[in-house]
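Reading the structure
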Amino acid sequence: MRTEIDSFSGNRIYPGRGKLFVRGDSKVFRFVASKSASLFRQRKNPRRISWTVLFRRMHKKGITEEVSKKRSRRTVKHQRAIVGASLDVIKERRSIRPEVRKADRTQSIALAKEKKKEAEAKKKAEKAKSAPVGGAKFSKQQLKGAAPKVTARSR
């Protein structure tokens, strides 16, 4: 017994069933029922109609036998050196106790603050040296060489 396949739905057509439609360019279309023939004539896309074989194939429906469980590779962690620090230096830093690390940190912060204070004091001394001693006070604009304000004179 020879079965045909529905041009729209993809279902089997047994002998004595369905309709045959021959288009102007002599292409033959076979339909099981008027439902699939009607949808074909409306130019519907069988991939968007949920009961067709094409839709089910596209959305991976009902293919339970072929699906085998994919094996996933377990990630392996590696220790690698970073630019500027070798692996043994990194391991050594990790092994330092938190109390020691905290003490080192506070000490380095104190040193940095001290350096900053010295730099600011030096800057202040330099500024005081370059500033005019005692004389008249000038605005920033006047120091930059701007023209002095013209005083208003009445007639």
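Refer to the structure presented above.
Residues numbered from 1 in each chain as written. Predicted model: local features only at pLDDT ≥ 70, side-chain atom pairs only at ≥ 80, totals over all residues. Heavy atoms only, no water.

F8, F29, F31, A37, L39 and I49 form the largest nonpolar core, which has 6 residues in total. Mapped onto this core, the elements with two or more residues apiece are β4 (28–31) and α1 (34–41). (Core = buried A, V, L, I, M, F, W, Y, C linked by side-chain atoms within 4.5 Å. Buried < 20%, exposed > 50% of the residue type's maximum accessible area, 1.4 Å probe, protein only. Helix = DSSP H or I, 4+ residues; strand = E, 2+ residues; numbered from the N terminus.)

On the surface, a nonpolar cluster with roughly 250 Å² of combined accessible area is contributed by L20, V22 and V28. Tracing the backbone shows V22 in strand β3 (residues 19–22). The partly exposed category is assigned to V22, whose relative accessible area is 48%. (Patch = residues over 30% accessible without salt bridge, like charges linked within 9 Å, V, L, I, M, F, W, Y side chains within 5 Å. Areas by Shrake-Rupley, 256 points an atom, 1.4 Å probe, with all protein chains shown as cover. Salt bridge = Lys/Arg side-chain N within 4 Å of Asp/Glu carboxyl O.)

Below, the discussion takes up unusual backbone geometry. One non-glycine residue with positive phi stands out, namely S26, at about 70°. We classify S26 as exposed; its relative accessible area is 57%. Its identity as a non-glycine residue notwithstanding, K60 has a phi of 55°, on the positive side. Structurally, the position occupied by K60 is in the loop between α2 (53–58) and α3 (87–95).

With that settled, the discussion passes to the pairing of β4. It is a general feature of regular strands that their side chains alternate between the two faces of the sheet. Burial along β4 is one-sided: the face carrying F29 and F31 is buried and the face carrying V28 and R30 is not. Bridge analysis of β3 against β4 gives 4 bridges, and the strand direction is antiparallel. Residue pairing across strands places F21 opposite F29, the latter belonging to β4. Linking two consecutive strands that pair antiparallel, namely β3 and β4, is a turn of 5 residues; a positive phi of about 70° is found at S26 within it. (Pairing = 2+ DSSP bridges.)

Tallying each qualifying case throughout the model produces 5 aromatic pairs. With a centroid separation of 6.2 Å and an interplanar angle of 65°, the aromatic rings of F21 and F40 are classed as edge-to-face. With a gap of 19 residues between them, F21 in strand β3 and F40 in helix α1 connect regions that are remote in the sequence. Of the residues examined, F21 reaches a relative accessible area of 38% and is grouped as partly exposed. By relative accessible area, F40 is classed as partly exposed at 23%. Look at F29 and F40: their rings are 4.6 Å apart centre to centre, the planes differ by 45°, and that puts the pair in the tilted class. Of the two residues, F29 sits in strand β4 while F40 sits in helix α1, which places them 11 residues apart along the sequence. Among the aromatic side chains, those forming a connected cluster through ring pairs are F21, F29, F31 and F40. (Phe/Tyr/Trp six-rings, centres within 6.5 Å; stacked < 30°, edge-to-face > 60°.)

These figures come from the coordinates and say nothing about function on their own.
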